[in-house]
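# Observations on the model geometry
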Amino acid sequence: MELLLENILNLVGFIIGMIIGIFSYLGYTNTGSPVLFRLTIAFFAIGIGFGIIWGGYMIDDLILQEGKIHRGLQALGLGIQTIGYFFIAFSHTIKSFFPKSRYFRSVVILPLFTLSAMNVEHIIRSFSFILLVYGAIETFVSFLEGKQKGALAVGTGLALLAFGEFIAWYSLVFPESILYLISILLKISGLISLFLPISRLPLRKIKFDDLEDEEDDEFGK
Amino acid sequence: MGPYRNQIQIVGDILVAAEELTIDQDGAPITKLIQKANISHSRISKILTNLVSQGLLEQVDSKQARRYKISMSGKDFLREFKRYSEFTDNFGLSI
């Protein structure tokens, strides 16, 4: 049951991430907006991250049959997802998140190389949680300012993903409990909520009488 | 005071103004565009030159003053601009 839900979650994450990523990319090519460019990176990263984990489960299911995903692969997928969450948070001008000193930044990253894949996974999950909470709060604030229903749905989606991440971490304290299942269900609900407002917009690309490249050059910088 | 607009938002505002002011074939005078898009003369001149060179606006020759009207490509761009503005609004972001 847990494995099935995990597969569904990762497949849904992969599909939704790629659809929103493609939509953002089309928007970027049509308008040259840097915000759409950041959202393109964010959602492609989220989609690819989920896709890697889904692929890992499929490889195990079809070939290895060990009943668990390779820890390194899981950490890689979660890491790429976190990059996506970072770009969503970064779009809300999260500029003071990292220390400015280049030396300090390199030292901060060092401990990651001395930890096992399991520990790295937990660190990545905690980063994801912080970024998702930040993104959710900023989106809720925008909703309060603009009263746009779409912002409420996206904010709720990010909040559910964050809560799911938190519950997943908490399930480590109580393994074999229902907490992990709840976390997967929360994340699936979060992804669907994230997709709802975007699903109302038509997915297509327009042609500007051979002017697209010129517009990109002019406005995309 | 409202938030600062980026380049794309300014272009969007100019195109919206041009579309609303283009009632007939004469196009809109630059002073009306300045008022409607809320932008300085020095800044709008450069942007208008760019938009005309890219075919999003058309410059109409007139005896009185330079006039601009939105082109078909400009309307297409504006439609996309509005659609993706709604998309980024959903994330609480400005395009």
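Let me begin by describing the structure that accompanies this report. (Residues numbered from 1 in each chain as written. Chains lettered and ligands numbered in written order. Predicted model: local features only at pLDDT ≥ 70, side-chain atom pairs only at ≥ 80, totals over all residues. Heavy atoms only, no water.)

The secondary structure content of chain B amounts to four helices and three strands. Reading the secondary structure of chain B in the N-to-C direction produces α-β-α-α-β-β-α. Taken against the 2.2 N^0.38 rule, which gives 12 Å for 95 residues, the C-alpha radius of gyration of chain B at 13 Å falls within 12% of a compact globule. By its C-alpha atoms, chain B is 45 × 30 × 20 Å across when sized along the principal axes. Classification of the 95 residues of chain B by burial places 51% in the buried group. Counting only contacts in chain B whose residues sit at least 6 apart along the sequence, the fraction spanning at least 24 positions is 52%. (Helix = DSSP H or I, 4+ residues; strand = E, 2+ residues; numbered from the N terminus. Rg over C-alpha atoms; globule rule 2.2 N^0.38 Å. Buried < 20%, exposed > 50% of the residue type's maximum accessible area, 1.4 Å probe, protein only. Contact = heavy atoms within 4.5 Å.)

What follows is about the pairing of strand 3 (residues 67-70) of chain B. Residues and elements named next belong to chain B. Neither face of strand 3 is left uncovered, since the one carrying Arg-67 and Lys-69 and the one carrying Tyr-68 and Ile-70 both have all their residues buried. Where strand 1 (residues 28-29) and strand 3 come together, two bridges link them in antiparallel fashion. Across the sheet, the residue bridging to Ala-28 is Tyr-68, located in strand 3. Bridge count for strand 2 (residues 57-60) against strand 3 is four bridges, and the pairing is antiparallel. Looking across to strand 3, one finds that Glu-58 is bridged to Lys-69. (Pairing = 2+ DSSP bridges.)

A word on the side chain of Asn-10 of chain A. Examined against the element boundaries, Asn-10 of chain A turns out to sit in helix 1 (residues 2-31). What Asn-10 of chain A contacts, discounting residues up to four positions off in sequence, is Phe-50, Ile-53, Trp-54 and Tyr-57 of chain A.

Our next topic: the interface of chain A and chain B. By a widespread convention, an interface's size corresponds to the accessible area lost as its parts come together. Each side of the interface is counted separately: chain A has 38 residues, and chain B has 27 residues. The contact between chain A and chain B buries some 2800 Å² in all, and 66% of this surface belongs to carbon and sulfur atoms. On the surface where chain A and chain B come into contact, there are zero salt bridges. Elements supplying a minimum of two residues to the side of chain A that touches chain B: helix 1, helix 2 (34-64), helix 5 (117-146), helix 6 (149-170), helix 7 (179-199) and helix 8 (212-219) of chain A. Within the side of chain A that touches chain B, the residues separate by chemical class into 19 nonpolar, twelve polar and seven charged. (Buried area = accessible area lost by both parts, 1.4 Å probe. Salt bridge = Lys/Arg side-chain N within 4 Å of Asp/Glu carboxyl O. Nonpolar A, V, L, I, M, F, W, Y, C, P; charged D, E, K, R; others polar.)

Two modes of strand pairing occur in sheets, parallel and antiparallel, and in both the strands are linked by backbone hydrogen bonds. Residue and element names in this part refer to chain B. A sheet is described by the order of its strands in space; here three strands give the open sequence 1-3-2, paired in antiparallel fashion. Looking at strand neighbours, the two that pair on one side only are strand 1 and strand 2, the edges of this open sheet. Packed on one face of the sheet, helix 3 (residues 41-53) meets strand 2 and strand 3 and runs near 105° to strand 2. (Axes fitted to C-alpha atoms, helices over the stretch in contact; angles between N-to-C directions.)

Residues and elements named next belong to chain A. In total, this model carries eleven aromatic pairs over all chains according to the counting rule given. Relative to Phe-90, the ring of Phe-87 has its centre 6.2 Å away and its plane inclined at 80°; by these criteria the two rings are edge-to-face. Taken together, the residues span about one helical turn, with Phe-87 and Phe-90 both in helix 3 (residues 71-91) at a distance of three residues. Classification of Phe-90 as partly exposed rests on a relative accessible area of 26%. (Phe/Tyr/Trp six-rings, centres within 6.5 Å; stacked < 30°, edge-to-face > 60°.)

Attention now moves to unusual backbone geometry. Residues and elements named next belong to chain B. Positive phi, normally seen in glycine, also occurs at Asn-38, with a value near 55°. Structurally, the position occupied by Asn-38 is in the loop between helix 2 (30-37) and helix 3. With relative accessibility at 61%, the residue Asn-38 sits in the exposed group.

Contact geometry of helix 2 of chain A with helix 4 (residues 72-89) of chain B gives a least axis separation of 11 Å together with a crossing angle of 55°. Classed by the angle they form, the pair helix 2 of chain A and helix 4 of chain B counts as oblique. Seen along the crossing, helix 2 of chain A lies across helix 4 of chain B with a hand that is left-handed. Contact residues: Val-35, Leu-36 and Leu-39 of chain A in helix 2 of chain A; Tyr-84, Phe-87 and Thr-88 of chain B in helix 4 of chain B. Class assignment of the residues belonging to the contact of helix 2 of chain A with helix 4 of chain B gives a composition of five nonpolar, one polar and no charged. (Parallel < 35°, antiparallel > 145°, perpendicular 65-115°, else oblique. Left-handed = near helix turned anticlockwise from the far one by under 90°.)

All names here are of chain A. One pass over the full model with this rule turns up seven salt bridges over all chains. Glu-165 is paired through a salt bridge with Arg-125; the nearest N and O atoms lie 2.6 Å apart. Residue Glu-165 is found in helix 6, and its partner Arg-125 is found in helix 5; the two are separated by 40 residues along the sequence. By relative accessible area, Glu-165 is classed as buried at 4%. A relative accessible area of 8% means that Arg-125 is categorised as buried.

Below, the discussion takes up empty space enclosed by the protein. Residues and elements named next belong to chain A. Counting across every chain of the model gives one cavity of 30 Å³ or more. Counted as a void, the largest cavity has a volume near 100 Å³. Within the residue set of the lining of the largest cavity, elements represented by two or more residues are helix 1, helix 2, helix 3, helix 6 and helix 7. At four residues, helix 7 tops the list of elements feeding residues into the lining of the largest cavity. Taken together, the residues that form the lining of the largest cavity break down as seven nonpolar, four polar and four charged. (1 Å grid on protein atoms, 1.4 Å probe; cavity = no way out; pocket = protein on both sides within 12 Å on 5 of 7 lines; lining within 4 Å. Points joined across faces, edges and corners; volume = space filled by probe spheres on them.)

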